[in-house]
Amino acid sequence: MLYALVGIPAIVVGFVLLIMGPLGWFLAAFLGIAALVVRSVFGEDDASDGSDRVNCPACGSRTDPGGECGYCGESL
């Protein structure tokens, strides 16, 4: 529901900016970049970003810590 409440007006505003010409194009690009920056600064932390993984000392592959490497079998 939140995506519909935010997404539909954002699409309408984006379309209006794009039909305004070069000034609208600039504003649309600026707002898009600003939205990406805000999301990266204030966004939720993803557990799937791989920050809990380590590099294997033997082959260098990213693997789960502890035990042994899932690729070469070297103990970590």
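Residues numbered from 1 in each chain as written. Predicted model: local features only at pLDDT ≥ 70, side-chain atom pairs only at ≥ 80, totals over all residues. Heavy atoms only, no water.

K.L.:
Can you help me understand the overall build of the chain in this one?
P.N.:
Looking only at helices and strands, the chain has 2 helices and 2 strands in total. By the burial criterion, 11% of the 76 residues in the chain qualify as buried. Restricting to contacts in the chain with at least 6 residues of sequence separation, those with at least 24 account for 0%. If you sum the accessible surface of the chain, you get close to 6,400 Å²; carbon and sulfur atoms cover 67% of it. (Helix = DSSP H or I, 4+ residues; strand = E, 2+ residues; numbered from the N terminus. Buried < 20%, exposed > 50% of the residue type's maximum accessible area, 1.4 Å probe, protein only. Contact = heavy atoms within 4.5 Å. Areas by Shrake-Rupley, 256 points an atom, 1.4 Å probe, with all protein chains shown as cover.)

K.L.:
How do you make sense of helix H1 (residues 2–19) when you look at a structure like this?
P.N.:
Because each turn of an α-helix spans 3.6 residues, side chains separated by three or four positions end up pointing in the same direction. Taking 1.5 Å as the rise per residue, H1 with 18 residues should run 26 Å; its terminal C-alpha atoms sit 26 Å apart, in good agreement. Of the residues flanking the end of H1, it is Gly21, one or two places downstream, whose phi is positive at about 100°. (Expected span 1.5 Å × (residues − 1).)

K.L.:
Could you clarify how one ought to interpret a nonpolar patch on the surface in this entry?
P.N.:
A surface patch of nonpolar side chains, about 1,100 Å² in accessible area, is lined by Ile8, Val12, Phe15, Val16, Ile19, Met20, Leu23, Phe26, Leu27, Phe30 and Leu31. When residues of the nonpolar patch are traced back to their parent elements, those giving at least two are H1 and helix H2 (22–42). Inspection of the secondary structure assignment puts Leu27 in helix H2. Leu27 sits in the partly exposed class, given a relative accessible area of 31%. (Patch = residues over 30% accessible without salt bridge, like charges linked within 9 Å, V, L, I, M, F, W, Y side chains within 5 Å. Salt bridge = Lys/Arg side-chain N within 4 Å of Asp/Glu carboxyl O.)

Coordinates in, geometry out; function isn't part of it.
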